[in-house]
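# Commentary on secondary and tertiary structure
If you want the building blocks of each chain, they are given just below.
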Amino acid sequence: MIILDACRCDLIESVEDEYGFLTENNRFRSRGTHSKEWMRRNFISEHRDDLRKLAYVTGNIWTEEYVDPNDLRVLDEVWRYAWNTEHGTILPRSITERAIATHREHNPERLLVHYMQPHAPSIPDPIGEGMNTPETDGEWRAAPFLLQDGEVTRERLVESYKANLRCVLDEVELLLENVDAETVVVTADHGEAFGEFGVYEHPFGMPFDVLRTVPWYVTSATDKQTFEPTLEPGQEHGDTKEKLRALGYA
């Protein structure tokens, strides 16, 4: 299972023709509208037997609070050691590398790969968000709030978001060439609001479809050995609170 963080159904459907592995979107109702809520409602004792079979490779920082490594076969928190301070996020290539390595080294029965994109900041097309790091000053504002304040148009926000979405889908394509899986699901933890019902980003506990309904594409993967990962787990660097600030969580 591949998680695209904060992925809108309408916008992934608008680019699905560009990717052969995205065929029919069987939309799915998520248990959360925020990563914290999604983790809290999925990593539960009810699923203990399934979790013990699971290798989880993640760029999402909330695993620190909501996922117990003792419950899983493997927990690789890539955000701890491969954080990119220039972009203020974890790059999708780092997740791809560790997912391929985990598959080949551990051959888990189940593999969960959690990319941070298309969650802001947009790597290929930033529009002012995600710039607060320990080396910079100033107020951080996520792109949807720039829209709310009239500083960007919705069209500009969608352009930036879709660039970030393509950035991660390119990595998913590479991943699918380098793991073996009879069934692969491409989905999301939650969606993203661009002002629908006066809501921006992805607040906790929202009922709206734009946040609650997520993509659900079913495909497969064959390891053609087209990529050899080199990224290895290392010592954590950077402060977790600063990383959360860079992603827009004060």
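What you see is a predicted model; the values in this text were computed from it and never measured.

### A few points about the overall build of the protein
Assigned secondary structure in the protein consists of nine helices and 10 strands. A compact globule built from 250 residues would reach a C-alpha radius of gyration of about 18 Å, and the protein, at 17 Å, matches this within 12%. Along the three orthogonal principal directions, the C-alpha set of the protein runs to about 50 × 40 × 40 Å. In the protein, which comprises 250 residues, the share counted as buried stands at 56%. Within the protein, contacts between residues at least 6 apart in sequence are counted, and of these 74% link residues at least 24 apart. Summed over all atoms, the accessible surface of the protein reaches about 11,300 Å², with 45% contributed by carbon and sulfur. Of the side-chain charges in the protein, 26 are positive and 47 negative, and the distance between the mean point of each set is 5 Å.

### Brief notes about the nonpolar core
If you look at soluble globular proteins, the nonpolar side chains tend to sit buried side by side. Ile2, Leu4, Tyr115, Leu165 and Leu169 are the most contacted members of the largest nonpolar core, which totals 52 residues. With 10 residues, the single largest contributor to this core is helix H7 (residues 154-176). Apart from the residues within four sequence positions on either side, Leu4 is in contact with Ile12, Tyr115, Gln117, Pro118, Leu165, Val168, Leu169, Val172, Val186, Thr187, Ala188 and Asp189. Of all hydrophobic cores here, the second largest spans 12 residues; its members include Ile3, Leu51, Leu54 and Val67.

### Some points on the pairing of strand S6 (residues 181-187)
For a regular strand, side-chain orientation follows a simple rule: the groups alternate between the two sheet faces. Here two bridges tie strand S1 (residues 2-5) to S6, and the two strands are oriented parallel to one another. Residue pairing across strands places Ile2 opposite Val186, the latter belonging to S6. Sheet topology note: the S6/strand S10 (residues 216-221) ladder contains five bridges and is antiparallel. Within S10, the residue paired with Thr187 across the bridge is Trp216.

### Section: the sheet that holds S10
Spatially, six strands are ordered S4-S3-S5-S1-S6-S10 in an open sheet, and the strand pairing comes out mixed. Each edge of the sheet is formed by a strand with only one pairing partner; in this case those strands are strand S4 (74-77) and S10. With strand direction ignored, the average angle separating the axes of adjacent strands in the sheet is 15°. The strands that H7 touches are S1, strand S5 (110-118), S6 and S10; relative to S5, the one it contacts most, it runs at about 155°.

### Some thoughts on the pattern of salt bridges
Considering all chains together, one arrives at 18 salt bridges under this definition. Through salt bridges that share partners, Arg8, Asp10, Arg154 and Glu196 make up one connected network.

### A closer look at the confidence of the model for the protein
Confidence along the protein averages 91 in pLDDT terms, with 91% of residues attaining 70 or more. Considering only residues more than four positions removed or in separate chains, one finds that residues 131-136, a stretch of pLDDT under 50, has 11 contacts.

### Considering the side chain of Thr213
Along the chain, Thr213 falls in strand S9 (residues 213-214). A relative accessible area of 14% places Thr213 in the buried class. In this structure the side chain of Thr213 is engaged in a polar contact, spanning 3.3 Å, whose partner is the side chain of Arg29. Those residues in contact with Thr213, other than ones at most four positions away along the chain, are Cys9, Arg27, Phe28 and Arg29.

### A few points about the side chain of Thr58
Within the secondary structure, Thr58 is located in strand S3 (residues 54-58). Not counting the four nearest positions on each side in its chain, Thr58 is found in contact with Thr63, Leu75, Asp76, Glu77, Val78, Trp79, Ile95 and His114.

### So, the packing of aromatic side chains
Taken as a whole and assessed by the stated rule, the structure comprises seven aromatic pairs. Ring geometry for Phe43 and Tyr56: centres 5.3 Å apart, planes at 20°, overall stacked. Of the two residues, Phe43 is situated in the loop between helix H2 (35-42) and helix H3 (48-51) and Tyr56 in strand S3; the sequence distance between them amounts to 13 residues. Taken individually, Phe43 and Tyr56 each receive the classification buried, so the pair is uniform in this respect. Following the ring pairs from residue to residue traces out a cluster consisting of Trp38, Phe43 and Tyr56. Above the plane of the ring of Phe194 lies Arg8, whose end atom (NZ or CZ) is 4.6 Å from the centre.

So, how was this worked out
Residues numbered from 1 in each chain as written. Predicted model: local features only at pLDDT ≥ 70, side-chain atom pairs only at ≥ 80, totals over all residues. Heavy atoms only, no water. Helix = DSSP H or I, 4+ residues; strand = E, 2+ residues; numbered from the N terminus. Rg over C-alpha atoms; globule rule 2.2 N^0.38 Å. Buried < 20%, exposed > 50% of the residue type's maximum accessible area, 1.4 Å probe, protein only. Contact = heavy atoms within 4.5 Å. Areas by Shrake-Rupley, 256 points an atom, 1.4 Å probe, with all protein chains shown as cover. Lys, Arg positive; Asp, Glu negative; His and termini not counted. Charge placed at Lys NZ, Arg CZ, Asp CG, Glu CD. Core = buried A, V, L, I, M, F, W, Y, C linked by side-chain atoms within 4.5 Å. Pairing = 2+ DSSP bridges. Axes fitted to C-alpha atoms, helices over the stretch in contact; angles between N-to-C directions. Salt bridge = Lys/Arg side-chain N within 4 Å of Asp/Glu carboxyl O. pLDDT = per-residue confidence, 0-100. Polar contact = N/O pair within 3.5 Å; in protein donor to acceptor, adjacent residues only side chain to side chain. Phe/Tyr/Trp six-rings, centres within 6.5 Å; stacked < 30°, edge-to-face > 60°. Lys NZ or Arg CZ within 6 Å of the ring centre and 35° of its normal.

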